[in-house]
Structure formats: C-alpha cells, structure tokens
Amino acid sequence: HESIANHDKESLRLYVTEKAYPEFRHNTWEKTIHWKFLESLEPPRVVHARCTDIVSKENIFGQVTVRFHTRQQLAVYDRFGRLLHGSEILAKDVLEYIVFEKHLANMYGTWRIHAKIIPDWASPKDPSKLTKIRPEPEPEPTKMLDKPEETPAIADK
C-alpha cells in the first residue's frame with residue numbers, strides 16, 4: 001500500500017506479481033493516495049492454499065489466500081486535488097482476501113501479491129465521484145421559412 005501511495009514502481013515490483021502489477025498501476029494513474037494502516041482487528045488467517053506445477057514437475061508455484069481484517073484510512077484525490085474516494089479523517093474496517101504467490105522451485109523467492117478476491121457477499125463499494133467535463137449545450141435548430149415544395153415538370157411523350 002505504501003509503494004502504491006508513493007508511486008514507487010521499483011518496490012511495487014518486489015511485492016506484486018506480473019499479473020497484479022498492471023492492475024495496481026492502472027487504478028492509481030494520475031491520482032494522489034493517502035493511506036494509513038491503523039490496526040489489525042484479527043490476526044491474519046490462511047483460508048486456502050494450493051500448489052501446482054507448470055510445464056515441468058520441477059517448476060512448482062504455490063498460492064495462499066490470506067484473510068485480513070484491519071482498520072485503515074484511505075483518501076484518493078484526482079489530479080486536480082479533489083477528493084474522489086474515502087477520507088483522511090475517518091477510519092474504516094476492511095476485510096480483504098489477498099492471494100499470495102511464490103515460485104517454490106526458487107529457494108530464495110519471496111511471497112508476492114497475485115490478486116485480491118472480492119466475495120459475492122461483500123457489500124458493494126461506494127461509488128466514486130468522477131471528474132467530468134460538462135457538455136456544451138446544443139444550439140437550437142433555426143427554422144427555415146416554409147416554401148411550397150416544387151414538383152418537377154413531367155414532359156409528355
């Protein structure tokens with residue numbers, strides 16, 4: 001979270017996988033983020049673990065889904081400094097399910113964030129205020145003077 005808030009691309013690459021990196025960067029484009037971890041309401045808990053081999057039997061990856069219940073503060077501002085989401089004053093209880101991944105064949109590898117799972121039963125996010133340009137009002141069409149329609153002359157055979 002701190003790497004995202006500081007727009008530190010190099011340290012973010014250490015903490016997230018190649019799949020998650022573009023998602024994290026896209027959501028923070030031209031935004032200022034103020035994030036603060038306040039406390040953990042429950043100890044983190046592993047809710048699911050799995051490992052699989054890819055291409056060969058020696059190339060093993062492991063994934064662990066961890067449940068975090070924490071209290072955090074988050075404020076997201078657009079490029080003009082207007083508040084889009086959250087508040088720097090109010091703290092919220094956050095329930096997150098984060099998938100961590102590690103290349104188990106690499107003895108010195110690290111666990112990195114691979115994805116964030118949002119359960120179906122979770123309450124929907126508050127809609128964010130988007131910066132939009134007000135459309136120009138359409139000019140009223142001017143009325144043409146009514147002229148009788150001219151019919152083309154038909155020549156006799």
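Anyway, here's the lowdown on the structure attached to this text. All values reported here derive from a predicted model rather than from experimental measurement. For every chain, the first residue of the written sequence is number 1, and numbering continues from 1 along that sequence. Restriction of local features to residues with pLDDT of at least 70 applies here, the model being predicted, together with a cutoff of 80 or more for giving and counting side-chain atom pairs; totals for whole chains, interfaces and linings are based on all residues. Side-chain measures here rest on the full set of heavy atoms in the structure, leaving out hydrogens and waters.

### Some thoughts on the nonpolar core
Selection criterion: We call a set of buried residues a nonpolar core when its members are Ala, Val, Leu, Ile, Met, Phe, Trp, Tyr or Cys and they connect through side-chain atoms within 4.5 Å of each other. Three labels apply to residues, based on accessible area from a 1.4 Å probe with only protein chains included: buried if under 20% of the type maximum, exposed if over 50%, partly exposed otherwise in between. Residue contacts are defined here by distance: any two heavy atoms, one from each residue, within 4.5 Å place the two residues in contact.
If you look at the biggest cluster of nonpolar residues, it comprises nine residues: Ile4, Ala5, Leu12, Val16, Ala20, Tyr21, Ile33, Val76 and Leu84. Each residue touching alanine 20, except ones within four places of it in the same chain, is listed here: Ile113 and His114.

### Re the packing of aromatic side chains
Quick reminder of the rule: Stacked, tilted and edge-to-face are the three classes assigned to paired rings of Phe, Tyr and Trp, where Trp is represented by its six-membered ring and a pair needs centres within 6.5 Å; plane angles under 30 degrees give stacked, over 60 edge-to-face, the rest tilted. Where helices and strands are cited, they refer to DSSP runs of H or I of at least four residues and of E of at least two residues respectively, numbered from the N terminus.
In the structure shown here, the tally under the stated rule is one aromatic pair. Seen from their ring centres, phenylalanine 68 and phenylalanine 100 are 6.2 Å apart, and the 65 degrees between their planes marks the pair as edge-to-face. Remark: phenylalanine 100 occurs in strand β3 (residues 83–103) and phenylalanine 68 occurs in strand β2 (residues 60–77); sequence separation between them is 32 residues. Looking at phenylalanine 68, the relative accessible area reads 22%, which means it is partly exposed. What makes phenylalanine 100 buried here is its relative accessible area of 19%.

### Comments concerning the pattern of salt bridges
Operational definition: Note on definitions: salt bridges are taken to be side-chain nitrogens of Lys or Arg within 4 Å of carboxyl oxygens of Asp or Glu.
Applying the stated criterion across every chain yields a total of ten salt bridges. For arginine 79, the salt bridge identified is with glutamate 30, shortest N-O distance 3.9 Å. Taken together, the residues arginine 79 in the loop between β2 and β3 and glutamate 30 in the loop between α3 (20–27) and β1 (32–53) connect sequence positions 49 residues apart. By relative accessible area, which is 57% here, arginine 79 ends up exposed. Its salt-bridge partner being arginine 82, residue aspartate 78 comes within 3.3 Å of it at the nearest N-O pair. Among the ionic contacts, a cluster of salt bridges with common partners joins Glu39, Arg71 and Asp93.

### Re the pairing of β1
Applicable threshold: Pairing between strands is defined by DSSP: at least two bridges between them are needed.
Where β1 lies against β2, 17 bridges are found, and the strand directions are antiparallel. Counterpart to serine 40 in the pairing with β2 is threonine 70. The antiparallel hairpin formed by β1 and β2 contains six residues in its connecting segment, where valine 55 sits at a positive phi of about 70 degrees.

### Focus on the sheet that holds β1
For the record, the criterion: Helix axes are fitted to C-alpha atoms over the stretch in contact, other axes to C-alpha atoms as well, and angles between N-to-C directions run from 0 to 180 degrees.
The antiparallel open sheet is built from four strands, whose spatial order is β1-β2-β3-β4. At either margin of the open sheet sits one strand with a lone partner, and together these are β1 and β4 (112–117). Adjacent strand axes in the sheet meet at a mean angle of 30 degrees when their direction is disregarded. One ladder, built from 16 bridges, connects β2 with β3; its direction is antiparallel. Paired with glutamine 72 across the strands is lysine 92, a residue of β3.

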